[in-house]
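Examining the three-dimensional arrangement
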Amino acid sequence: MADPWHSPDPLLQPLLDASRERFVLDPYGYHGPVHWQRVYLNASLICEGEGIDSLVPRCFAFLHDSCRLDEHIDAGHGARAAEFAMGLREQGVLPPMSDERFDLLVYACRHHSGKLQEAEPEVMACWDADRLDLLRVGIVPDPRRLCTPFARLEETIDGACKRAMDWLEDRGWA
Ligand SMILES: [Fe+2]
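Residues numbered from 1 in each chain as written. Predicted model: local features only at pLDDT ≥ 70, side-chain atom pairs only at ≥ 80, totals over all residues. Heavy atoms only, no water.

Let's talk about the coordination of the iron ion
Taken together, the protein ligands of the iron ion are His35 (NE2), His64 (NE2), Asp65 (OD) and Asp130 (OD), with distances of 2.1 to 2.3 Å. The motif formed by the donor residues of the iron ion, counted along the single chain, is H-x28-H-D-x64-D. Placement of His35 in helix H2 (residues 33-50) and of Asp130 in helix H6 (residues 121-131) is noted, with a sequence separation of 95 residues between them. Considered together, His35 and Asp130 belong to a single accessibility category, that of buried residues. (Donors = N, O, S within 2.8 Å, 3.2 Å for Na, K, Ca; no water. Helix = DSSP H or I, 4+ residues; strand = E, 2+ residues; numbered from the N terminus. Buried < 20%, exposed > 50% of the residue type's maximum accessible area, 1.4 Å probe, protein only.)

Next up, the structure:
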């Protein structure tokens, strides 16, 4: 298995390093960096398919679950990720982005575990990238709960489910 703490984009390595320092759960668990890497790939594919700039969704991948305190609901983890992102921006850890883009990143983190489906395209790409990886916890992604046309495609869902299933099999959980 590839190193889950390696960022495919060197520009995001400081962010992934910071999330690693912050993360307190099992790195090979349901909400750890192996999941973040699949969200990163899902985000990249959605953005390519939808013609959306991918910087915010790729940063989201490495941020959104970094402040979880458990593997269950942990209702505060989105808000903590949003606060964490603000601190990282002040410290210059995040890649350069406009204030508008940063606001989208914070919003996407804060609200990612709700049921919202309407937002700016970059935010919808964030949420879809995460929801496409639901098979890892035994849930087949429901196209009606996805936000972007590309994520709702059968091929997109099948591809994401296959990657999640491969991970479950690697872990001996499937
Ligand atoms: Fe997630």
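Concerning helix H1 (residues 13-22)
Here H1 has its buried residues at Gln13, Leu15, Leu16, Ala18 and Ser19. Along its buried surface, H1 packs onto H2, helix H3 (55-63) and helix H4 (77-90). (Contact = heavy atoms within 4.5 Å.)

Some details on the packing of aromatic side chains
In the structure shown here, the tally under the stated rule is seven aromatic pairs. Ring centres 5.7 Å apart and planes at 80° place the aromatic pair Trp5 and Trp36 in the edge-to-face group. Linking Trp5 in the segment before H1 with Trp36 in helix H2, this pair joins segments that are 31 residues apart in sequence. Assessed through its relative accessible area of 10%, Trp5 is described here as buried. Classification of Trp36 by relative accessible area gives buried; the value is 0%. Measuring from ring centre to ring centre gives 5.6 Å for Trp167 and Trp173, while their planes differ by 85°; the resulting arrangement is edge-to-face. Taking the relative accessible area as the measure of exposure, Trp167 reaches 4% and is therefore buried. Judged by relative accessible area, Trp173 falls into the partly exposed class, the value being 41%. Each residue in the set Trp5, Phe23 and Trp36 is aromatic and connected to the rest through ring pairs, giving one cluster. Of note, Arg22 hangs over the ring of Phe84, and the distance from its end group to the ring centre comes to 5.1 Å. (Phe/Tyr/Trp six-rings, centres within 6.5 Å; stacked < 30°, edge-to-face > 60°. Lys NZ or Arg CZ within 6 Å of the ring centre and 35° of its normal.)

Some points on the packing of H3 against helix H5 (residues 99-110)
Running from N to C, H3 and H5 cross one another at 40°; their axes reach a closest spacing of 10 Å. By the angle between their axes, H3 is oblique relative to H5. In this structure, H3 crosses over H5, and the sense of that crossing is right-handed. Contacts from Val56, Cys59, Phe60 and Leu63 in H3 reach Arg101, Leu104, Leu105, Ala108 and Cys109 in H5. The residue inventory of the contact of H3 with H5, partitioned by class, reads eight nonpolar, no polar and one charged. (Axes fitted to C-alpha atoms, helices over the stretch in contact; angles between N-to-C directions. Parallel < 35°, antiparallel > 145°, perpendicular 65-115°, else oblique. Left-handed = near helix turned anticlockwise from the far one by under 90°. Nonpolar A, V, L, I, M, F, W, Y, C, P; charged D, E, K, R; others polar.)

Digging into the environment of Asp170
Turning to its location among the elements, Asp170 is positioned in helix H8 (residues 154-171). For the pair formed by Asp170 and Arg58, sequence separation is 112 residues and the distance between their alpha carbons is 24 Å.

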